[in-house]
Amino acid sequence: MHSRFGACLVICAALIFGLGGAAFAQGGSSQSDLSPLQRLDVMRSKLDSLRRSLNSAISALGSPSEKEKKDPDDPRQRLRGLDKDVGSLLSEMNDLRGKQERSERYDPTSLDRLETAVADLDKRVQMGLQATASVRTTAANSGNSSKGKKKKGRFFGLFGGGGDDKYEELTGTVAPGRDRVLFEEAVKEVRKGNHEIGRLLFSTIINTYPDSAFLPLSKLAIADSFYLEGTTAALVQAAQAYLDWLTFFPTDPLADDAMLKVAESEMRQMGLSDRDITHARKAEQRLKSLLQQYPQTSLRSKVEDDLRETQESLAMHSYEIGNFYLDARYRGHKGGLKGAQSRYKEVIDKYPNFSLRDGVLFRLAFTYQQEEEPDEAAKYYQELLRNFPNSDHAEKAKEQLSIIGLEIPAADPTRKNVQAPERPGFMGSLVKEVLGKADITVDKDGILISKDSKEGRADLIDEAIKYNGQLPTNVTPVAPVQRRTTNPTPRPAIQNPTQTPPVAPATTVPGGIKP
């Protein structure tokens, strides 16, 4: 009895998801890719990271003299002002989060405004840290000669205090060659799964060593760390971090890799085709742009595979909306047959590789038959029989052509062995509904660091360490160049960026048509 009741609950849950999809089909997509709480989590992560970076920088400057305390141009005052702004936005963000959790009403535009303010503050903090880097270097060097007892503190607020803090000396002082040590330690932390610690170490290089050869790759490694982390909030930040890196290095040999990761960050957030398709549309746009900008990319086969999977989801979305309109309950209502035709035509025109194209052709022909347009219906029945002779719809298409009075076309010889696509069973569909994730095969490795990499296994980032911040490459005259080669010739150093500024499930419709 209990097991039967549990099974009923699972099936009811699946039906609820389906009905949610129907509401989405009629109401349109949401305005945001993430829920308000997820957006707030992303902002809090950014603000916490900014606060830790500012506190570390202020600490590196040491205690100010009485004169410096009164000087508004003192670097400490500038950084403290930024820290105060971070605290203000954190307070505002926490206030919004509290209202959201208590289901209190608030102005939805305040969330957009807060996101804009966080993005603007992030730029100001980065500029402030870079502008004070030389002052912090001087302060650190002058303090090296008069070292006393180590201060008991916390590394960016993550480690317990004590004189044996693993990274206290690395982050608290500036010395030639220390950027390389920071880079190596950051890589180790990311590989251990300590992504936040790794990012903070990479950020120390960016903010403290503006002329470091490791700076460009540190920026890219930060994006990788978010991508490897893989949570929804992390993937949002990964996509933005890769885009920021591309802004500074649009012609770098790894630029096409970065563009692919932006698209795959979107793909990893894709839901089922009967739900919000915002991420699928963004991924498709990024992948098409990559092929246009880098027509000779060595990643073409992977990009085309990703594009095929993304378009499969988009096509299924339109196909299921067409099925929704074709349902007998909506015949005569607004949308009806014309709405179904519009969606089916969209699939036919935009997605020629859709796995259920035979079903789309059959249903599209059926709508024209219902509207008493036999010539149009025959056109799609004939295309189905020519290109999909083994389709589950082939026999019914032949029957309909006989009724119309037109000949049955011969099958294309190259398509005779093409089998009908395998439809998922009931349990397979139910599991997908419960999980709510698109069935995609996205590479979860970063550009420089692979997900399952361990020390001793060679990643691209190990090559960077080996060649002191540069990557080996065989440059070709067209972008993008080939890479991941064993050629030990280091590439030219990258220019320092601091020097430049749900639809209802398919249903059975009249005429015995199956999805």
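A. A look at the overall build of the chain. Regarding its fold elements, the chain presents 20 helices and 0 strands. By residue count, 46% of the 515 residues in the chain fall in the buried class. Total accessible area on the chain is roughly 26,000 Å²; 52% of this is exposed by carbon and sulfur atoms.

B. Just the nonpolar core, in detail. Formed by 94 residues in total, the largest nonpolar core has its most connected members in Phe 183, Phe 202, Tyr 242, Phe 354 and Leu 448. Of the residues forming this core, the biggest block, 10 residues, is contributed by helix α14 (residues 300-326). In this view, Phe 202 contacts Phe 183, Ala 186, Val 187, Val 190, Ser 218, Ala 221, Ile 222 and Ile 461; residues no more than four positions away in its chain are not counted. In terms of nonpolar packing, the next biggest core, distinct from the first, is built from 21 residues, Leu 40, Leu 79, Leu 96 and Val 125 among them.

C. The packing of helix α15 (residues 336-350) against helix α16 (residues 357-370), seen in detail. Two numbers describe how α15 lies on α16: the axes approach to 9 Å, and their chain directions differ by 145°. In this structure, the crossing between α15 and α16 has a hand that is left-handed. Along its contact with α15, which presents Leu 337, Ala 340, Gln 341, Tyr 344, Lys 345, Val 347 and Ile 348, the element α16 presents Arg 357, Val 360, Leu 361, Arg 363, Leu 364, Thr 367, Tyr 368 and Gln 370. Along the lines of polarity and charge, the residues of the contact of α15 with α16 split into 9 nonpolar, 3 polar and 3 charged.

D. Representation of helix α11 (residues 232-248) in the model. In a regular helix each residue adds 1.5 Å, so 17 residues correspond to 24 Å; α11 covers 25 Å between its end C-alpha atoms and thus fits that length. Every buried residue belonging to α11 is among Ala 234, Leu 235, Gln 237, Ala 238, Ala 239, Ala 241, Tyr 242, Trp 245 and Leu 246, and all of these are buried.

E. A look at the confidence of the model for the chain. Per-chain confidence: the chain averages 75 in pLDDT, with 69% of residues scoring 70 or above. Per-element confidence in the chain is highest for helix α12 (residues 255-267), whose mean pLDDT is 94, and lowest for helix α1 (residues 2-27), whose mean pLDDT is 41. Contacts of residues 144-154 to residues separated by more than four positions or lying in other chains number 20 contacts, the stretch itself having pLDDT below 50. Throughout residues 156-164 the model reports pLDDT below 50, and contacts reaching past four residues in sequence, or to other chains, amount to 26 contacts.

F. Fine view of the environment of Ala 238. For Ala 238, the position within the fold is in helix α11. Using a relative accessible area of 0% as the deciding quantity, one classes Ala 238 as buried. On a C-alpha basis, the gap between Ala 238 and Lys 261 in space is 8.3 Å, while along the polypeptide they are 23 residues apart. When neighbours within four sequence positions are excluded, Ala 238 is seen to be in contact with Ala 223, Phe 226, Tyr 227 and Ser 265.

G. Molecular detail of the packing of aromatic side chains. In the structure shown here, the tally under the stated rule is 10 aromatic pairs. Taking 6.1 Å as the distance between ring centres and 50° as the angle between the ring planes, the aromatic pair formed by Tyr 319 and Tyr 344 counts as tilted. Of this pair, Tyr 319 sits in helix α14 while Tyr 344 sits in helix α15; the two residues are 25 residues apart in sequence, bridging distant segments of the chain. Above the plane of the ring of Phe 388 lies Arg 415, whose end atom (NZ or CZ) is 5.0 Å from the centre.

H. Spotlight on the packing of α12 against helix α13 (residues 278-293). As a packed pair, α12 and α13 sit with axes 7 Å apart at the nearest point and diverge in direction by 165°. As judged from the angle between their axes, α12 and α13 are roughly antiparallel. In this structure, α12 crosses over α13, and the sense of that crossing is left-handed. Two secondary-structure elements touch here, α12 through Asp 256, Met 259, Leu 260, Val 262, Ala 263, Glu 266 and Met 267 and α13 through His 279, Lys 282, Ala 283, Arg 286, Leu 287, Ser 289, Leu 290 and Gln 293. When its residues are assigned to classes, the contact of α12 with α13 shows 8 nonpolar, 3 polar and 4 charged.

I. Molecular detail of the pattern of salt bridges. Applying the stated criterion across every chain, the model contains 20 salt bridges. Between Glu 395 and Lys 398 there is a salt bridge, with its nearest N and O atoms 3.7 Å apart. Taken together, the positions of Glu 395 and Lys 398, both in helix α18 (residues 394-404) and 3 residues apart, correspond to about one turn of that helix. Take Glu 395: its relative accessible area is 52%, and that puts it in the exposed class. Look at Lys 398 and you get partly exposed, because its relative accessible area is 30%. One network of salt bridges, with partners in common, ties together Lys 261, Glu 264, Lys 302 and Asp 306.

J. Fine view of the environment of Gln 77. Inspection of the secondary structure puts Gln 77 in helix α4 (residues 75-101). Expressed as a C-alpha distance, the spacing of Gln 77 and Ile 58, which sit 19 residues apart in the sequence, is 9.0 Å.

K. A look at unusual backbone geometry. Look at Glu 372: it is not a glycine, yet its phi comes out positive at around 60°. One non-glycine residue, Asn 468, adopts positive backbone phi at about 55°. Within the secondary structure layout, Asn 468 lies in the segment after α20 (460-466). Taking the relative accessible area as the measure of exposure, Asn 468 reaches 42% and is therefore partly exposed.

L. Seen up close, the side chain of Gln 311. Topologically, Gln 311 is positioned in helix α14. Owing to a relative accessible area of 16%, Gln 311 belongs among the buried residues under this scheme.

M. Examining α15 more closely. The end-to-end C-alpha distance of α15 is 22 Å, a good match for the 21 Å that 15 residues give at a rise of 1.5 Å each. Among the residues of α15, those classed as buried are Gly 336, Leu 337, Gly 339, Ala 340, Gln 341, Tyr 344, Glu 346, Val 347 and Ile 348. For α15, the secondary structure elements touched by its buried residues are α14 and α16.

N. Expanded view of the environment of Thr 367. Mapped onto the secondary structure, Thr 367 falls in helix α16. Sequence spacing of Thr 367 and Gln 341 is 26 residues, and the spatial spacing of their C-alpha atoms is 6.8 Å. Discounting chain neighbours no more than four positions away, the residues touching Thr 367 are Leu 326, Leu 337, Ala 340, Gln 341 and Tyr 344.

Rules used in this analysis
Residues numbered from 1 in each chain as written. Predicted model: local features only at pLDDT ≥ 70, side-chain atom pairs only at ≥ 80, totals over all residues. Heavy atoms only, no water. Helix = DSSP H or I, 4+ residues; strand = E, 2+ residues; numbered from the N terminus. Buried < 20%, exposed > 50% of the residue type's maximum accessible area, 1.4 Å probe, protein only. Areas by Shrake-Rupley, 256 points an atom, 1.4 Å probe, with all protein chains shown as cover. Core = buried A, V, L, I, M, F, W, Y, C linked by side-chain atoms within 4.5 Å. Contact = heavy atoms within 4.5 Å. Axes fitted to C-alpha atoms, helices over the stretch in contact; angles between N-to-C directions. Left-handed = near helix turned anticlockwise from the far one by under 90°. Nonpolar A, V, L, I, M, F, W, Y, C, P; charged D, E, K, R; others polar. Expected span 1.5 Å × (residues − 1). pLDDT = per-residue confidence, 0-100. Phe/Tyr/Trp six-rings, centres within 6.5 Å; stacked < 30°, edge-to-face > 60°. Lys NZ or Arg CZ within 6 Å of the ring centre and 35° of its normal. Parallel < 35°, antiparallel > 145°, perpendicular 65-115°, else oblique. Salt bridge = Lys/Arg side-chain N within 4 Å of Asp/Glu carboxyl O.

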